[in-house]
Every structure is written in structure tokens, then in C-alpha cells.
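Observations on the three-dimensional arrangement
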Amino acid sequence: MQETNSLNSVRTLQKTAMTFKILHFFLIFLVLGLAVCIVSMNMIRYFGTKNMASTKSSRFHPCYDEMSSLECWIKPPPTLMHTMNDTELFWRATFVPGIRQYPYRRVPKMAFMFLTRGPLPLSPLWERFFRGNEGLYSIYIHSSPGYELDYSRSSVFYGRQIPSQAAEWGQISMCDAEKRLLANAMLDLSNEYFILLSEACIPLRNFTIVYRYITKSWYSFMGSYDEEGPFGRGRYSPSMAPEVTLEQWRKGSQWFEVNRELALRMVEDVTYYTKFKEFCKPACYVDEHYFPTMLHIQTPHFLANRSLTYTDWSRGGPHPATFGKNDISTEFFARILGSRSCYYNHRQVYLCHLFGRKFAPSALGPLLRLSSDVFGY
Ligand SMILES: *[C@@H]1O[C@H](CO)[C@@H](O)[C@H](O)[C@H]1NC(C)=O
Ligand SMILES: *[C@@H]1O[C@H](CO)[C@@H](O)[C@H](O)[C@H]1NC(C)=O
Ligand SMILES: *[C@@H]1O[C@H](CO)[C@@H](O)[C@H](O)[C@H]1NC(C)=O
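Residues numbered from 1 in each chain as written. Chains lettered and ligands numbered in written order. Predicted model: local features only at pLDDT ≥ 70, side-chain atom pairs only at ≥ 80, totals over all residues. Heavy atoms only, no water.

Recorded in UniProt for the chain, the comment headed Subcellular location (unreviewed entry) runs: "Membrane". (UniProt positions renumbered as here; feature names shortened; annotations may be inferred.)

Applying the stated rule across the entire model yields 35 aromatic pairs. Ring centres of Phe 323 and Phe 359 lie 5.4 Å apart, and the angle between their planes is 45°; on these two criteria the pair is classed as tilted. One end of the pair, Phe 323, is in the loop between β8 (309–310) and α10 (330–336); the other, Phe 359, is in the loop between β11 (355–356) and α11 (364–375), and 36 residues separate them in sequence. When sorted by exposure, Phe 323 lands in the same class as Phe 359, which is buried. (Phe/Tyr/Trp six-rings, centres within 6.5 Å; stacked < 30°, edge-to-face > 60°. Helix = DSSP H or I, 4+ residues; strand = E, 2+ residues; numbered from the N terminus. Buried < 20%, exposed > 50% of the residue type's maximum accessible area, 1.4 Å probe, protein only.)

As a further point, take helix α9 (residues 290–298). For α9, the complete set of buried residues consists of Tyr 290, Phe 291, Pro 292, Thr 293, Met 294 and Leu 295. Elements in contact with the buried residues of α9: α5 (172–186), β5 (220–223), α7 (260–268), α8 (271–279) and β7 (303–305). (Contact = heavy atoms within 4.5 Å.)

Turning our eyes to something else, we now look at the pattern of salt bridges. Enumeration according to the criterion identifies nine salt bridges in this entry. Here Arg 106 and Glu 192 are joined by a salt bridge, their closest N and O atoms 2.9 Å apart. Here Arg 106, found in the loop between α3 (86–93) and β1 (109–115), pairs with Glu 192, found in strand β3 (residues 191–198); they are 86 residues apart in sequence, far enough to count as distant. Glu 192 shares its class with Arg 106; the two are buried. (Salt bridge = Lys/Arg side-chain N within 4 Å of Asp/Glu carboxyl O.)

The next subject is the layout of surface pockets. As a volume, the largest pocket reaches approximately 1,600 Å³. Surrounding the largest pocket, 49 residues form its lining, Ser 253, Thr 311, Trp 313, Pro 320 and Arg 357 being those nearest its centre. Here the lining of the largest pocket is composed, by residue class, of 21 nonpolar, 16 polar and 12 charged. Looking at the second largest pocket, its volume works out to about 410 Å³. (1 Å grid on protein atoms, 1.4 Å probe; cavity = no way out; pocket = protein on both sides within 12 Å on 5 of 7 lines; lining within 4 Å. Points joined across faces, edges and corners; volume = space filled by probe spheres on them. Nonpolar A, V, L, I, M, F, W, Y, C, P; charged D, E, K, R; others polar.)

With that settled, the discussion passes to the site of ligand 2. Lining the immediate surroundings of ligand 2 are Tyr 219, His 296, Pro 300, Leu 303, Ala 304 and Asn 305. Between ligand 2 and Leu 303 there is a distance of 2.8 Å, counted from a nitrogen atom to a backbone nitrogen or oxygen. Between Asn 305 and ligand 2, the recorded distance is 2.3 Å, taken from a side-chain N or O atom to an oxygen atom. Considering ligand 2 on its own, with 360 Å² of exposed area, one finds that the protein chains cover 54% of that surface. A breakdown of the residues in the shell around ligand 2 according to their chemical character gives four nonpolar, two polar and no charged. (Near = heavy atom within 4 Å. Polar contact = N/O pair within 3.5 Å; in protein donor to acceptor, adjacent residues only side chain to side chain. Areas by Shrake-Rupley, 256 points an atom, 1.4 Å probe, with all protein chains shown as cover.)

Moving on, we get to the sheet that holds β11. Across the sheet, three strands lie side by side as β4-β11-β8; this open sheet has mixed pairing. This sheet does not close on itself; its edge strands, each paired only once, are β4 (202–203) and β8. (Pairing = 2+ DSSP bridges.)

Turning our eyes to something else, we now look at the side chain of Arg 106. Taking the relative accessible area as the measure of exposure, Arg 106 reaches 17% and is therefore buried. A polar atom in the side chain of Arg 106 sits 2.8 Å from the backbone oxygen of Leu 189. Residues within four places of Arg 106 in sequence aside, it is in contact with Leu 189, Ser 190, Asn 191, Glu 192 and Arg 260.

This part takes up the packing of α8 against α9. Contact pair α8 / α9: the axes reach a minimum separation of 11 Å and the direction vectors enclose 145°. In this structure, the crossing between α8 and α9 has a hand that is right-handed. Facing α8, whose interface residues are Tyr 272, Tyr 273 and Phe 276, α9 presents Tyr 290, Thr 293, Met 294, Ile 297 and Gln 298. A breakdown of the residues in the contact of α8 with α9 according to their chemical character gives six nonpolar, two polar and no charged. (Axes fitted to C-alpha atoms, helices over the stretch in contact; angles between N-to-C directions. Left-handed = near helix turned anticlockwise from the far one by under 90°.)

What follows covers the packing of α7 against α9. Contact geometry of α7 with α9 gives a least axis separation of 11 Å together with a crossing angle of 115°. Looking at the two axes, α7 sits roughly perpendicular to α9. For the element pair α7 and α9, the recorded crossing hand is right-handed. Note on element contacts: α9 touches α7 through Tyr 290, Phe 291, Met 294, Leu 295 and Gln 298, opposite Leu 262, Arg 265 and Met 266. When its residues are assigned to classes, the contact of α7 with α9 shows six nonpolar, one polar and one charged. (Parallel < 35°, antiparallel > 145°, perpendicular 65-115°, else oblique.)

Moving on to unusual backbone geometry. For the bond running from Ala 241 to Pro 242, omega is 5°, close enough to zero to count as cis. As for its placement among the helices and strands, Pro 242 is situated in the loop between β5 and β6 (257–259). Positive phi is not limited to glycine here, since Asn 305 has a value of about 60°. Take Asn 305: it is sitting in strand β7. Backbone geometry places Asn 345, a non-glycine residue, at a positive phi of 50°. With respect to the helices and strands, Asn 345 occurs in the loop between β9 (342–344) and β10 (347–349). For Asn 345, a relative accessible area of 13% gives the class buried.

Next comes the structure, spelled out in C-alpha cells:
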């Protein structure tokens, strides 16, 4: 009897020990599990947000935060930097709403697109021009790859550089850069007018006049004319037929202003691009012929056939005159502005140019001194 009793107590003891052992294991697992959980949660928080932050700054998420509101489709991308290559960018930029009526009050903006090599030496003049007109313009800068403009947060040029690639004068890479500027600017639905400028350009009128002149025009300001001789028709190659015939071949200044509809045609075009890329190489300067010819064929009735940018070719040679410090005076601008007439909405007018080039960095001081009297800003 005693034996069985003690045997029983030994068994119970063994049983309790077993239970404790299992509980022990269980606890260890629990603690381990918890630890793994906490560590991984922190890892996700740390690396996750880091990843999210980097995608946010490099990728365009139009409807990331407010999936349900119209606002996120209307407002421009938070940053101009992205990781799309040209194929992806052009595809994205050419999205067009099927319904042309905007379901909100859309204030059309002008996109000022600066095609530059390095710095913008005349930017203080432009700052003065833009001041007080927020909401009516946006700025895009395509510079040499790797070149970083250094502007403070208070500048209108702050954070306005777009992903850029090398562009060479007279080469198809120049047209690629122009398309890249257009496509980046098109990502902002409010942009309706697209103006191509260089670092040597200045505004010859104040913002109010520029805005009214461009928005009230029935035509886009793309130079497009038929020129006899070696620098015009002489650059045409019969290999471009049948897409482009000699009669359709046009020449025009690189510095254009186009509306959104024409910008769309320029970015989406593949047909003419292929022809020009293959058959218009120096001494055929593709940036003087591709868009003027293509738009002349597709939408001649939308073109003013003249550029808004004043350039002085009177000195002859392959490059226009550059104006420096000693050229700048009230008389100089009186001479170049308003001395010749042109057509604006079928009316003869004397205000033909809103921008001028080429101005050297040394011209900045004198320009700032006379801008309010002469240009009205
Ligand atoms: C862009 O990337 C896509 C996908 O990798 C590729 O098919 C396309 O050729 C690229 N385009 C350019 C211009 O590099
Ligand atoms: C520009 O030229 C085209 C083609 O010659 C013509 O159809 C169009 O009316 C011209 N634009 C203006 C404003 O005259
Ligand atoms: C713009 O220029 C015109 C003509 O020079 C002038 O009458 C007008 O007051 C100017 N507008 C502003 C906002 O400065």
C-alpha cells in the first residue's frame, strides 16, 4: 500500500515536472516569437519608410494619398525628379482625358521651359518678371546632365530642374531635350501654353502683357516658312518622301510657344521623328526643321508661322548677335521693339516679340536698371 502510494507521488511529481518543462519551452518560444515580431516590425518601419520616402521623391504617384479625391489628379507632381526614361515619360505625358470639359475651374498656366547648358545668369531679371504672378506659370529647366543649379527656397527657380540628358546643337538629341521639357511640363494638367527659352533669353514685356498676348492668340507661335536656297530647301533629303515632300519642307526658329494640343502632337510623334533622325543630320540642323515641318503638315491652321523671340541675324554668319553691357540702352530697345509690324489675330500690330535673345551675362546690370521703364516690370 505504501509502495503504491509513494509510486503514485513519484508519478505525480514526474507529471508536474513534465508540465513545467513544456511550459518552459512554450515560454521560451513565446519570448522568442515576440522578440522576432518586435524586431521585424521595427525593420519594416525603418527600411519601409526609407523605401517609401525614396519612391515618393523619385516616382510620380498621382493618386497615392487621396485615392478618392479629384484633387490628386489635378495638382502637379510634388517633385520634378522621377526615374522614368523617355519612353515611359512620353507615354505617361500623352494621357488625354476623353471628356474635354474640365469638372473644375481650371486656370491655364504658362510653362516656361529653359533649355540651358549651365547656369541661368539672367535669372534675377526673370525673378522680377515672375514676381506676383504665382499660379499662372510654372518653370522647367533642362540643363547639361550632372549640372546642379543652386537656388535658395525663396527663388522661383528652386527645385525646377528636370531629369536631363546631353543635347547637342543641330542634332536630334536637341529635339529629344525639347520633347523631354514638353513631356515633363505636360505632367501638370494646368499647363496650357509651353514656351521654349534659353539662358540667353530675356522677357521684353511684363507678365500681364505676355499672359494676355499668348492666351488671347488664335494661333501658336511656331516659326514655319518655306525658304529657297542652301539653308532652306537645300537641306531637304528626298529620302524623307512620302511622309515629307519638298513642298512641305519648312524652316523656323527653335524658340517656340505652343498650346497643349500641339505639345501633345510633338511628344507623341514617331513617324516624322524617325525620318528626321535618319535623314536630317548636319548640315541639316534638325531643331530648325523638325517641328516647323511636322506641324506645318499636321496642323497648319494652328500656326502663327512666326516666333515670339526676337533674334538679330543682321550681322550675318551662322550665329545671331549677342548683346552685352555696352549694347543695352533705352534707344536700343526702342529700335528693336515696335519698329516692324506683324499680324496678331489677323490684325496688323507693332507688338511682335515678347522675348529677346541673345543677351550676355554682362548685360544683366544695365537690364535690371531699365527693366521697369522699358519692359514694364
Ligand atoms: C525605357 O525602359 C523600357 C523598359 O525597360 C525599355 O523598353 C525602353 O527601351 C527604355 N527606353 C529608353 C529610351 O531607354
Ligand atoms: C500659317 O501658314 C499656314 C500654311 O501655309 C496657313 O494655313 C496659316 O493660316 C498661316 N497662319 C497665319 C496666322 O496666317
Ligand atoms: C505692364 O506693362 C504695361 C505697359 O508697359 C503697364 O501699363 C502695366 O501697368 C504693367 N503691369 C504691371 C502689373 O506692372
